[in-house]
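What the coordinates show
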Amino acid sequence: MSDKKSGPPPVYTTSNGCPVRDPNASIRVGQHGPLLLQDHHLIDLLAHFDRERIPERVVHAKGSGAYGHFEVTDDISDLVSSDFLNGVGKKTKTFTRFSTVGGEKGSPDSARDPRGFATKFYTEEGVIDWVYNNTPVFFIRNPSKFPTFIHTQKRNPETNLKDATMFWDFLSRNQESVHQVMQLFSDRGTPASYRNMNGYSGHAYKWTNKKGEWHYVQIHLITDQGIKTLNNEEAGNLTAENPDHAQEDLFEAIAKGDFPSWTVYVQTMTPEQAEKAPFNVFDLTKVWPHKDYPLRRFGKLTLDKNPENYFAEVEQAAFSPAHTVPGFEPSADPVLQSRLFSYSDTHRHRLGVNYQQIPVNCPLKVHNPFQRDGAGVVNGNYGALPNYPTDYSPTTYRTDVQLSERHEKWVGTATNFHWDVTGPEDYVQAGKLWEVFGKSGQQDAFVHNVSVHLQNAKPEVQDRTFDMFTKVSPDLGSRLREATLKLKPRAKAPGFRL
Ligand code: HEM
């Protein structure tokens, strides 16, 4: 590797290090004849170019990243034993990637979409990833719906166009989504920048303290820059004027030393409280009211260094909720349980089985001589160490597990899991949000944002969507119907030909 900052410029070579006399030439027979296969420089160059693209992320393909650090600001040792969360003042190096969800890698940053907020913590006990969003709830609570839900947010298989009918058809048939749809179609669905939005774990996780006691927890990262949003038209204009505005904003802020930060809080719930809560603690469509489960501050995340190479560091970053450390566990939330499989699985497809050896993903310390070989080994492959547990080599490894984290006992019969039926309780928190919009002056924006999108859906899908919002609030339902039907549908609305 070359160091561009010191010494004479390096000699240009082929990928095997052979100096090349003329990088811009190809070897040809005479003035007009064919090229020679022995021109390894040209073949090496073209063959590498042909393989430059790796699969983009199936969701969250467009994103921006930065390094930073997390600092513990308040003592929470009574709640959690994880080393990186213990000791006021302790700092841990981090890497964060923000993203939109549905669009392709070149799609605009200003899309109405949830934003991903994923952070890797390089701790002494391994890498833990917080793979969070900027909304505290999600569209579904049954993970088998995730691929179909995502398909409705992508392109119509026939027209290859985004399709309002598909979009609203799915959401109005799966009305557990309504709370998240309320968030998405308020102006918070179009954040002004990645610096001006919060991050939420969404799921319940489990924290265990040194005594082995545990709580369900929700994590909140609250922006120190303040929430700033775009209205529908500002977001639309940015799509044309500067589709990479959020990438530019983050990169430039960090480059000029204006480091963004987030204050980090935890909400806790004991297992006994969870039994009595008016909602299911594993239901990702519900928030934990702050008055019942107050926020407790414990840290600060600051982003202070831009990556030097987007592909190496941002594109190859591989976050997974399964990457965790002692004391910080997943709960039994079915969506979270499915995510524990899906991310590492997609990394093996997208980056290869040895994706953890890529520098941006690599833990500070790692020792697992039972994982050997595979494409792209760059860590020496554990040399001559035995590749199976054996007393012939007792110093190969030791174990260091201080406490058992298995607290739950589940007994039951295997059943078909749906969690599809919605009841009145599924509209309560969405209704409260509608009241909040009333106080914050967001109701008109919400009605406008939905109606300009919904106008392109088929009439029967529009009607089902009006009914869904009527269950949130009759006032909302009627205002939406009126606003949508006032708008002229596009002459050639792309629709599923059913
Ligand atoms: C990215 C699956 C729900 C947050 C991804 C990726 C997959 C995936 C396959 C691409 C990862 C990659 O290629 O590196 C799923 C499944 C879900 C689910 C199967 C539900 C069953 C959620 C939820 C959240 C979330 C509920 C937030 C609370 C993210 C984020 C990323 C992501 C932030 C981008 C990570 C990055 O920046 O590389 N998801 N997801 N996902 N997901 Fe999910």
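Predicted model, so just to flag it, every value in this text is computed and none were measured. (Residues numbered from 1 in each chain as written. Predicted model: local features only at pLDDT ≥ 70, side-chain atom pairs only at ≥ 80, totals over all residues.)

1. Re the UniProt feature "active site" (unreviewed entry) in the protein chain
Threshold: UniProt positions are given in the numbering used here, feature names are shortened, and annotations may be inferred rather than shown by experiment. Each helix is a run of DSSP H or I of at least 4 residues and each strand a run of E of at least 2, with the numbering of both proceeding from the N terminus. Think of it as a crowd count around each C-beta: if 20 or more other C-beta atoms lie within 10 Å the residue is buried, if 12 or fewer it is exposed, and in between it is partly exposed, with C-beta placed from the backbone throughout. Any two residues are considered in contact once their C-beta atoms, placed from the backbone, lie within 7 Å.
The positions that UniProt labels "active site" (unreviewed entry) are, in the present scheme, His-60 and Asn-133. On the basis of their most widely separated C-alpha atoms, the annotated residues across 74 residues gather in one place, lying no more than 10.6 Å apart. Tracing the backbone shows His-60 in the loop between helix 1 (40-50) and strand 1 (63-72). For His-60, a count of 22 C-beta atoms within 10 Å gives the class buried. For His-60, the residues in contact, after removing those within four places along its chain, are Ser-99, Val-101 and Gly-116. Examined against the element boundaries, Asn-133 turns out to sit in strand 4 (residues 126-133). Leaving out residues up to four positions away in the same chain, Asn-133 has contacts with Pro-114, Arg-115, Gly-116, Phe-117, Tyr-200 and Gly-202.

2. Things to note about the site of the ligand
Stated formally: Placing a C-beta atom from the backbone of each residue, we mark the residue near a molecule or strand if the atom is within 6 Å of it. Classification convention: Asp, Glu, Lys, Arg as charged; Ala, Val, Leu, Ile, Met, Phe, Trp, Tyr, Cys, Pro as nonpolar; all other residues, Gly among them, as polar.
In the neighbourhood of the ligand, 27 residues make up the surrounding shell, with Arg-57, His-60, Arg-97, Gly-116 and Gly-202 lying closest. Every element with two or more residues in the shell around the ligand is listed here: strand 2 (91-100), strand 3 (115-123), strand 4 and helix 9 (334-350). The element contributing the most residues to the shell around the ligand is helix 9, with eight residues. Within the shell around the ligand, the residues separate by chemical class into 13 nonpolar, 10 polar and four charged.

3. Brief notes about the environment of Pro-369
Relative to the assigned elements, Pro-369 resides in the loop between helix 9 and helix 10 (425-440). On the basis of neighbour counts, which here come to 17 C-beta atoms within 10 Å, the residue Pro-369 falls in the partly exposed class.

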